[in-house]
Amino acid sequence: MPSLIERDRATLWHPYAPASGALPLWEVEAADGVALRLRDHDGRVHEVLDAMSSWWAVIHGYRNPVMDAAIQRQLSSFSHVMFGGLTHQPAVELAETLLAMVPLEPERRLERVFLADSGSISVEVALKLAVQFQTASGRPGRQRFLTIRGGYHGDTFAAMGVCDPVDGMHSAFPGLLASNIFAPRPPAAATATAEAIQEWRAAVEDLARRSSNELAAIIAEPILQGAGGMFNYPAECVTILREIADHHGLLLILDEIATGFGRTGELFAAGQAGVVPDILCVGKALTGGYLTLAATLCTGEVARVVSNRAAGALLHGPTFMANPLACAAANASLGILRDGNWRVDVARINAGLTAGLAPAMELDAVTDVRTIGAVGVIELRDAVHVPAVTRAAVEHGVWVRPFRNLVYAMPPYISSAADVGVMAAGMVAAVTGAVHANNQTVAG
Ligand code: PMP
């Protein structure tokens, strides 16, 4: 009888992986709180702490009783209905809650919510909204986007088109990705000088001015670029993007799919910069990582212009839009945030990661160690051997998923100081072990 891992290898794709099954795979036997019980291909069981929150999403932990109960309540009512011509309590409650949470200022408020079925789709909707807004405003030539290098916004075609042009997937689909405009990356938060920020502003300003009559919007991840490199930059740069957008009649789209709901230390990274975007994307932690759901929020003005002129409607409507189970999960997750101590949790995780990852700086192979909010990053000189580092971390009781030259953690908010200590120590040990293994390979 083949094992589950063998059956998986015969039938399934995994994210960014070949079908050949060359990469290691673990079976999840149980997930509870911060812990995962994994079985490897030899049948060995490993108890590990999940330092990834399942890709930034499971902020309240696995089998959270409040989350479980909310979904079960909705399940006993109804699981799904189409959203065309119908509505339901979980969706309306979620829209109201989200709109009350996000940053606002007197002259710019987010007032309308599109419930999408994944982060990438919420970005597609944001880009569509921006183009439809410009067309409805009498500027149909504005169909391109300005963004900053090093970004990541999703895997669908329009979203891929605003991902980093070198590290993204542009080279794989050269004929299909829209030609957008890429400004330099802002200076790193840790080393940015006022002069470097001004130089960067001038470069972005120049690109915006030269192409403004073709541009619909600026899109960026505020403060922290996630999958594009775990790179954090000064809040002031987000303010600069807002000013440049306003100056040239562009909308500002902020993608907070990774940063939203407290991860960087504020409820939204945009709030750290005191910026209100015209369009905001959220996802991932929105449902506490229980079900797939994202949202695109826009200002009343964007909604009115798109609705009243030209097409007269926002041209998007997925089958599973506003899935009631997902909305119930989101309402429960946002309720836990509202009633809980996420600020204290994020500060505790930050302190634990800062102290626990510091020893990695001693390693020759490590070029930087940084933290922001509940995110900790070890940056290496060279690309990480992902299978080796992942295996080593599992042996040390930690689940991580490195990419490129980065080994990073963004633990669930419920992680105790002791949990974070184990995660950080496991990451440092895994990096140390993998570097030694590499040296031996070179030496041998
Ligand atoms: N934007 C950002 C900033 C993200 O981090 C991600 C996912 N890593 C996405 C968009 C795409 O979200 P999804 O994977 O849910 O489509």
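Owing to the predicted nature of the structure, the values given are computational and were not obtained by experimental measurement. (Residues numbered from 1 in each chain as written. Predicted model: local features only at pLDDT ≥ 70, side-chain atom pairs only at ≥ 80, totals over all residues. Heavy atoms only, no water.)

Engineer: Before we move on, could you go through the overall build of the chain and cite the residues and values that matter?
Structural biologist: On a plain count of helices and strands, the chain comes out with 14 helices and 16 strands. Over its C-alpha trace the chain gives a radius of gyration of 22 Å, about what one expects of a compact globule, namely 22 Å for 444 residues. Taking the principal axes of the C-alpha coordinates as reference, the chain spans close to 65 × 60 × 45 Å. Buried residues in the chain amount to 52% of all 444 residues. Sequence separation of at least 24 residues holds for 71% of the intrachain contacts in the chain that already meet a minimum separation of 6. (Helix = DSSP H or I, 4+ residues; strand = E, 2+ residues; numbered from the N terminus. Rg over C-alpha atoms; globule rule 2.2 N^0.38 Å. Buried < 20%, exposed > 50% of the residue type's maximum accessible area, 1.4 Å probe, protein only. Contact = heavy atoms within 4.5 Å.)

Engineer: Go over helix 13 (residues 386-395) with me, naming the residues and quoting the values.
Structural biologist: What helix 13 keeps buried is the set Pro387, Val389, Thr390, Ala392, Ala393 and Val394. Downstream of helix 13 by one or two residues, glycine 397 has phi in the positive range, about 85°.

Engineer: Describe the sheet that holds strand 4 (residues 110-116), and please don't skip the residues or the numbers.
Structural biologist: On the basis of which strands lie adjacent, the open sheet formed by seven strands has the order 4-12-11-10-7-5-6 and mixed pairing. A strand with exactly one partner marks an edge of an open sheet, and here the two such strands are strand 4 and strand 6 (181-183). Across this sheet, the average inter-strand angle for adjacent strands is 20°, counted without regard to direction. Two strands pair when backbone bridges link them, and strand 10 (residues 251-255) and strand 11 (residues 279-282) are joined in this way by three bridges, in the parallel orientation. Note on strand 11: the bridge partner recorded for aspartate 255 is cysteine 281. Sheet strands touched by helix 4 (residues 89-101): strand 4, strand 11 and strand 12 (294-299). Its angle to strand 4, the strand with the most contacts, is close to 135°. (Pairing = 2+ DSSP bridges. Axes fitted to C-alpha atoms, helices over the stretch in contact; angles between N-to-C directions.)

Engineer: Describe the site of the ligand, listing the residues and the values that go with them.
Structural biologist: Taken together, Ser118, Gly119, Ser120, Tyr152, His153, Gly154, Glu221, Asp255, Ile257, Ala258 and Lys284 make up the full set of residues adjacent to the ligand. Within the side chain of lysine 284, one N or O atom sits 3.1 Å away from a nitrogen atom of the ligand. The fraction of the free accessible surface of the ligand (390 Å²) that becomes covered by protein chains is 81%. When its residues are assigned to classes, the shell around the ligand shows three nonpolar, five polar and three charged. (Near = heavy atom within 4 Å. Polar contact = N/O pair within 3.5 Å; in protein donor to acceptor, adjacent residues only side chain to side chain. Areas by Shrake-Rupley, 256 points an atom, 1.4 Å probe, with all protein chains shown as cover. Nonpolar A, V, L, I, M, F, W, Y, C, P; charged D, E, K, R; others polar.)

Engineer: Please give an account of the pairing of strand 11 that cites residues and values.
Structural biologist: The side-chain alternation of strand 11 yields two buried faces, one formed by Ile279 and Cys281 and the other by Leu280 and Val282. Note: strand 11 against strand 12, four bridges, orientation antiparallel. Across the sheet, valine 282 pairs through a bridge with alanine 295, a residue of strand 12.

Engineer: Tell me about the packing of aromatic side chains, and name the residues and values.
Structural biologist: For any pair of aromatic rings, geometry is given as the distance between the ring centres together with the angle between the planes. This model, assessed by the stated rule, comprises four aromatic pairs. Seen in terms of ring centroids, phenylalanine 157 and phenylalanine 173 are 5.5 Å apart; in terms of plane orientation they differ by 80°. Their pairing is edge-to-face. Of this pair, phenylalanine 157 sits in helix 6 (residues 157-160) while phenylalanine 173 sits in the loop between helix 6 and strand 6; the two residues are 16 residues apart in sequence, bridging distant segments of the chain. Positioned above the aromatic ring of phenylalanine 231, the side-chain terminus of arginine 185 is 4.1 Å from the ring centre. (Phe/Tyr/Trp six-rings, centres within 6.5 Å; stacked < 30°, edge-to-face > 60°. Lys NZ or Arg CZ within 6 Å of the ring centre and 35° of its normal.)

Engineer: If you had to explain the sheet that holds strand 1 (residues 27-32) to someone new, which residues and values would you point to?
Structural biologist: The four strands lie next to each other as 1-2-3-15, forming an open sheet whose pairing is mixed. In the strand order of this sheet, the two ends are held by strand 1 and strand 15 (398-399), each with one partner. The pairing of strand 1 with strand 2 (residues 35-39) spans five bridges and is classified as antiparallel. Paired with valine 28 across the bridge in strand 2 is leucine 38.

Engineer: Explain the packing of helix 3 (residues 65-75) against helix 11 (residues 324-339) to me, using residue names and the numbers behind them.
Structural biologist: The packing of two helices is summarised by the inter-axis angle and the distance between the axes. Relative to each other, helix 3 and helix 11 sit at 150°, their axes nearing to 9 Å. Taken together, helix 3 and helix 11 sit at an angle that is classed as roughly antiparallel. The handedness of the crossing between helix 3 and helix 11 comes out as right-handed. Packed against helix 3, whose contacting residues are Val66, Met67, Ala70, Ile71, Gln74 and Leu75, the element helix 11 presents Pro324, Leu325, Ala328, Ala329, Ala332, Ser333 and Ile336 at the interface. Class assignment of the residues belonging to the contact of helix 3 with helix 11 gives a composition of 11 nonpolar, two polar and no charged. (Parallel < 35°, antiparallel > 145°, perpendicular 65-115°, else oblique. Left-handed = near helix turned anticlockwise from the far one by under 90°.)

Engineer: Tell me what's going on with the pattern of salt bridges, and back it up with residues and numbers.
Structural biologist: Evaluated as defined, the whole model comprises 18 salt bridges. For glutamate 105, the salt bridge identified is with arginine 108, shortest N-O distance 3.9 Å. Neither residue differs from the other here; glutamate 105 and arginine 108 are each classed as buried. Here glutamate 243 makes a salt bridge to arginine 201, at a shortest N to O gap of 2.6 Å. Placement of the pair is glutamate 243 in helix 8 (residues 235-247) and arginine 201 in helix 7 (residues 194-211), with a sequence separation of 42 residues. Owing to a relative accessible area of 38%, glutamate 243 belongs among the partly exposed residues under this scheme. Arginine 201 sits in the partly exposed class, given a relative accessible area of 24%. Connected through salt bridges with shared partners, the residues Glu105, Arg108, Arg242, Asp246 and Asp278 form a single ionic network. (Salt bridge = Lys/Arg side-chain N within 4 Å of Asp/Glu carboxyl O.)

Engineer: Account for the environment of alanine 409, with residues named and values stated.
Structural biologist: Among the secondary structure elements, alanine 409 is positioned in strand 16 (residues 406-409). In sequence terms alanine 409 and aspartate 50 are 359 residues apart; their C-alpha atoms lie 8.8 Å from each other. Those residues within four positions of alanine 409 in sequence are excluded, and the remaining contacts are Ala51, Leu353, Ala374, Val375, Gly376 and Met427.

Engineer: An account of the pairing of strand 5 (residues 144-148) is requested, with residue identities and associated values reported.
Structural biologist: In terms of burial, strand 5 is largely enclosed, as four of its five residues are buried. Note that strand 5 and strand 6 share three bridges and pair parallel. From the neighbouring strand, threonine 147 faces strand 6, where its bridge partner is phenylalanine 182.

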